[in-house]
Amino acid sequence: MKNILSVIIICLLGSLLSCGNPRKGALDPEVRTELDLLAEKDMYVGNKYMRMAEKYALLLEEASAMPIDEEAMAHLRDFFADNQLALTLLSTEFDRWQKYIDNEELTAFALKLRNQPFSQKLKRLIPAFRKRISYNQEFVREYDHIMSYIEIRN
């Protein structure tokens, strides 16, 4: 009986110690890989933007659920640090693309974007989180910079 109990304890400890990467959600290494591959992929730029915006919606959901503002901002910073190169490439490509497409294509894209579930989340979460941290100008400055990568500019 002692041997069986010892084996069970060793198995439980082993499974606890061998747990995967604790970074989940927007900080999951798969998200970074997906954004990196997306930045390199030859595909419709509007779809790239939508995939990037989905990750931002996930990020903001997670940060908004954190009760401590410092931890929420650290979460945003970690995401940005992990993905800065891909976000820069995607944002730059999107900015260039929207300058050269006609109004009809841009309108079609905007309508498609507006109907996405993540767009509704972003529409609600972006201003709500900014309002939450508005007491701290450093947080607001960092937040605005991180969010600038998904801004749609004309």
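In case you missed it, the structure is sitting above this.
Calculation rules
Residues numbered from 1 in each chain as written. Predicted model: local features only at pLDDT ≥ 70, side-chain atom pairs only at ≥ 80, totals over all residues. Heavy atoms only, no water. 1 Å grid on protein atoms, 1.4 Å probe; cavity = no way out; pocket = protein on both sides within 12 Å on 5 of 7 lines; lining within 4 Å. Points joined across faces, edges and corners; volume = space filled by probe spheres on them. Helix = DSSP H or I, 4+ residues; strand = E, 2+ residues; numbered from the N terminus. Nonpolar A, V, L, I, M, F, W, Y, C, P; charged D, E, K, R; others polar. Buried < 20%, exposed > 50% of the residue type's maximum accessible area, 1.4 Å probe, protein only. Polar contact = N/O pair within 3.5 Å; in protein donor to acceptor, adjacent residues only side chain to side chain. Contact = heavy atoms within 4.5 Å. Core = buried A, V, L, I, M, F, W, Y, C linked by side-chain atoms within 4.5 Å. Arc of directions from axis to C-beta.

Student: Honestly, the layout of surface pockets in this entry has me stumped. Any pointers?
Tutor: Empty space among the atoms can be located by rolling a probe the size of a water molecule over them. Within this model, the largest pocket holds a volume of roughly 210 Å³. Listed by contribution, the elements that provide at least two residues to the lining of the largest pocket are helix H3 (45-65), helix H5 (103-114) and helix H6 (117-132). With six residues, the top contributor of residues to the lining of the largest pocket is H6. Classifying every residue of the lining of the largest pocket by side-chain character gives seven nonpolar, two polar and two charged.

Student: What am I meant to see in the side chain of Lys48 here?
Tutor: Looking at where Lys48 falls in the secondary structure, it is placed in helix H3. A relative accessible area of 3% means that Lys48 is categorised as buried. Polar contacts involving the side chain of Lys48 include one to the side chain of Glu93, which spans 2.9 Å. Those residues within four positions of Lys48 in sequence are excluded, and the remaining contacts are Leu38, Ala39, Lys41, Met43, Leu90 and Glu93.

Student: I'm lost on the nonpolar core in this one. Help?
Tutor: The nonpolar side chains of soluble globular proteins are, as a tendency, buried together. Counting 41 residues, the largest nonpolar core has Tyr56, Leu76 and Phe129 as the members making the most contacts within it. If we ignore the near neighbours within four places in the chain, the residues touching Leu76 are Leu59, Leu60, Ala63, Phe129, Tyr143 and Ile146.

Student: Help me understand the environment of Asn136, please; the structure alone is not making it clear to me.
Tutor: Within the element layout of this structure, Asn136 appears in the loop between H6 and helix H7 (137-147). When the C-alpha positions of Asn136 and Asp69 are compared, they lie 9.8 Å apart, and in sequence the two are 67 residues distant.

Student: Quick question: what am I supposed to make of H7 here?
Tutor: Residues separated by three or four positions in an α-helix point in the same direction, a consequence of the helix having 3.6 residues per turn. Taken as a whole, H7 has its buried residues at Phe139, Val140, Glu142, Tyr143, Ile146 and Met147. Projected onto a plane normal to the axis of H7, the buried residues spread over an arc of 165° and lie on a single side. Exposed residues on H7 whose side chains face more than 90 degrees from its buried face are Gln137 and Arg141. The elements touched by buried residues of H7 are H3, helix H4 (69-100) and H6. The N-cap of H7, judged by a side-chain oxygen 3.0 Å from the amide nitrogen of Glu138 a few residues on, is Asn136.

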